[in-house]
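# Topology and contacts: notes
Residue strings, one per chain:
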Amino acid sequence: MASTRLTRGVVLGGGWAGLLAAHALARSLGRATVIERDFLAETPRHRKGLPQGRHTHLLWSGGVRILETLLPGVTDKLLAAGARKISMYSDMITLTSHGWQHRFPGDQFAVMCSRPLLDLVVRNEILATGRIDLKQGHEAIALTGDARRVTGVRVRTLDSGERSAVEADVVVDATGRGSRLSSWMAELGAPPVGQDLVDVGIQYATRIFRAPPGATTGFPAVNLLADHRDRQPGCNGALYPIEDGRWIVTLSGTRGAKVPAREEDFLRFAEELRSPLVADLIRTAEPLTPLYSTHTGTDRRLYPERMRHWPEGLLLFGDSLAAFNPIYGHGLTSAARAAATLDSQLQQGGLDEWSSRRAQQAICEGVDDPWIMAASRDICYVDCRNFATDVRLTSLAPALQRFAEAIAAKAIRAAGVAEMVANVASLTTPQSELGTSEFLSLLQRDRMLPELTEPPLRADELALANLDPSAPRPLV
């Protein structure tokens, strides 16, 4: 397909991925249009189109650094608004499948806050450029063009039902898990896009609590992860500090786990995790919200790069392209990586030589690491339904899992291995670095510290959380 000069860009979806895509387009085109079904609030508020937004979120340092290149100064604004910068691993208490993680120092980190605050700060920064035409209360109902080239989108106004067409040289689908791409492709006369599905049956339940005074700034984040090797449904718990002196607590479980649907069952589920730490922390804390639950759906990755003929003028972005189990925290950073890739393609390729197929291929390369990290972990859980064709998730999976287990077992106790794992997990370093001779040598020679039998909390941290330093918190 011949390239075309790019002058008009339209993005479907005004969430995190959509606005970052629009910002990348506008940096080269001068302007971009965003079609958004919801009305976006001017304060941190949850929106109907993002049910998973009520659960814990984090932006890994790989994504934070990308965000800074696209929006200089935005990290300071997030921190000024109440977000917290959590060092990995020194500010995290993590129970992995192999045991407690030592709190090694390192360069990687995460920014933690509520999803509405994160979205609002970034959205305000993008809209402040004055280059985005945001059409709220509008819904994309079809693509225009044909199987060879997309020429725009048909839009319906939700309040009046009025329909109109918006012409574009490139249309970015960033509508998320609810994308209607399959029906749109059929209407264009294009074949369906190949996809892989991994359905671990994950469910989430979240409440927000008032943290003890000082505990949101002086107490680490907590992650309690299931051990998939016990062949039982995986049950997890996370407690993250967020703005306004609060803790957000998310409990989750894979297929077969009895994730709480009632507030009175929330603490009981936390007590039955592999460690009682989260339960101990929230036992006397004041709940500020009701319980919110979500069944987020499957890990799903589409493969537009495998299509023999991909419609010129169409890009898939964010969860429309690849949606991961949120427990790994890679969705936000993956979308930021895609925006950086799009920005680079526009800046380097030139608008006269623009090809959305080339851009889509580059974006797809960027989602491979987070996709395989999430999917390869999820297929380990009992009753996971694996509909993937990727050999790394089928015939090669057992060997790759054994290698991953060896790394995980050492990373919790060896500083050098932990540093490399942090680099990969934060999407700062390619996963391929774990297969280099340098890393394999490190894996053999890195000195291991003694195994931790209890969560590595300091006495001052326990005091902040009103916990008795002498009370043991052994693994269940």
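Residues numbered from 1 in each chain as written. Predicted model: local features only at pLDDT ≥ 70, side-chain atom pairs only at ≥ 80, totals over all residues. Heavy atoms only, no water.

## Remarks on the overall build of the protein chain
When you go through the protein chain residue by residue, the secondary structure sums to 14 helices and 23 strands. The C-alpha radius of gyration computed for the protein chain amounts to 22 Å, which stays within 12% of the reference 23 Å derived for 476 residues, consistent with globular compactness. Looking at the protein chain residue by residue over its 476 residues, the buried ones come to 57%. Expressed as a percentage of contacts within the protein chain between residues at least 6 apart in sequence, the contacts between residues at least 24 apart total 74%. Here the protein chain contributes 53 positive and 54 negative side-chain charges, whose respective centroids are spaced 2 Å apart. (Helix = DSSP H or I, 4+ residues; strand = E, 2+ residues; numbered from the N terminus. Rg over C-alpha atoms; globule rule 2.2 N^0.38 Å. Buried < 20%, exposed > 50% of the residue type's maximum accessible area, 1.4 Å probe, protein only. Contact = heavy atoms within 4.5 Å. Lys, Arg positive; Asp, Glu negative; His and termini not counted. Charge placed at Lys NZ, Arg CZ, Asp CG, Glu CD.)

## Observations concerning the packing of aromatic side chains
Within this structure, the stated rule accounts for 2 aromatic pairs. Here Phe-209 and Phe-266 contribute two aromatic rings whose centre-to-centre distance is 6.1 Å and whose plane-to-plane angle is 40°, an arrangement assigned as tilted. Highlighted residues: Phe-209 in strand S14 (residues 203-210) and Phe-266 in helix H7 (residues 266-271), separated in sequence by 57 residues. Judged on exposure class, the residue Phe-209 and its partner Phe-266 are both buried. Ring geometry for Phe-219 versus Trp-247: centroids 5.9 Å apart, planes at 50°, classification tilted. Here the residue Phe-219 occupies a position in the loop between helix H6 (215-218) and strand S15 (221-224), and Trp-247 occupies one in strand S17 (residues 246-253), the gap between them amounting to 28 residues. The burial state of Phe-219 is the same as that of Trp-247; both residues are buried. The ring centre of Tyr-292 lies 4.0 Å from the NZ or CZ of Arg-54, which sits over that ring. (Phe/Tyr/Trp six-rings, centres within 6.5 Å; stacked < 30°, edge-to-face > 60°. Lys NZ or Arg CZ within 6 Å of the ring centre and 35° of its normal.)

## Overview of unusual backbone geometry
With an omega of 20°, the peptide bond running from Met-88 to Tyr-89 counts as cis. Take Tyr-89: it is sitting in the loop between strand S4 (84-87) and strand S5 (92-96). Phi is positive for Asp-383, close to 65°, though the residue is something other than glycine. Inspection of the secondary structure assignment puts Asp-383 in the loop between helix H10 (356-378) and strand S23 (385-386). If you check the backbone angles, Leu-427 has positive phi at about 60° while not being a glycine. Mapped onto the fold, Leu-427 is located in the loop between helix H12 (415-425) and helix H13 (437-445).

## Digging into the environment of Leu-40
Within the secondary structure, Leu-40 sits in the loop between strand S2 (32-36) and strand S3 (58-60). Once residues lying within four places of it in the same chain are set aside, the contact partners of Leu-40 are Gly-14, Arg-47, Arg-123, Leu-134 and Gln-136.

## Some thoughts on H13
Among all positions in H13, only Phe-439, Leu-442 and Leu-443 are buried. Projected down its long axis, H13 carries its buried residues within an arc of 100°, all on one side. Opposite the packed face of H13, turned more than 90 degrees from it, sit the exposed residues Ser-437, Gln-444 and Arg-445. (Arc of directions from axis to C-beta.)

## What to know about the pattern of salt bridges
Applying the stated criterion across every chain, the model contains 28 salt bridges. A salt bridge links Glu-263 to Arg-207; the nearest nitrogen and oxygen atoms lie 3.5 Å apart. A residue pair is termed long-range when its members are at least 10 positions apart, and Glu-263 in the loop between S17 and H7 and Arg-207 in strand S14 qualify at 56 residues. Its relative accessible area of 38% is what places Glu-263 among the partly exposed residues. Taking the shortest distance from any N to any O, the salt bridge between Asp-227 and Arg-229 comes out at 2.9 Å. Here the salt bridges share partners, and the residues they tie into one network are Arg-301, Glu-305, Asp-368, Asp-390 and Arg-392. (Salt bridge = Lys/Arg side-chain N within 4 Å of Asp/Glu carboxyl O.)

## Some thoughts on the sheet that holds strand S10 (residues 150-157)
The strand order S9-S10-S11 describes an open sheet built from 3 strands, whose pairing is antiparallel. This sheet does not close on itself; its edge strands, each paired only once, are strand S9 (138-145) and strand S11 (163-167). Each strand of the sheet is rotated relative to its neighbour by a mean of 30°, with strand direction disregarded. Packing against the sheet, helix H5 (residues 181-188) makes contact with S9 and S10, and its axis sits at approximately 30° to S9. (Pairing = 2+ DSSP bridges. Axes fitted to C-alpha atoms, helices over the stretch in contact; angles between N-to-C directions.)

## A few points about the side chain of Asp-368
With respect to the helices and strands, Asp-368 occurs in helix H10. Sequence-distant contacts of Asp-368, defined by excluding residues within four places in its chain, comprise Arg-301 and Arg-392.

## What about the nonpolar core?
Counting residues in hydrophobic clusters, the biggest one holds 91 residues, and the most contacted among them are Leu-12, Trp-16, Leu-25, Val-122 and Phe-317. Of all the elements, helix H1 (residues 16-29) adds the most residues to this core, at 10 residues. Residue contacts for Trp-16: discarding those within four places in its chain leaves Leu-59, Leu-67, Arg-115, Leu-118, Asp-119, Val-122, Leu-332, Ala-335 and Ala-336. If you look at the next biggest cluster of nonpolar residues, it comprises 31 residues, including Val-249, Phe-269, Val-278 and Leu-281. (Core = buried A, V, L, I, M, F, W, Y, C linked by side-chain atoms within 4.5 Å.)

Function-wise, these values are silent; they only describe arrangement.
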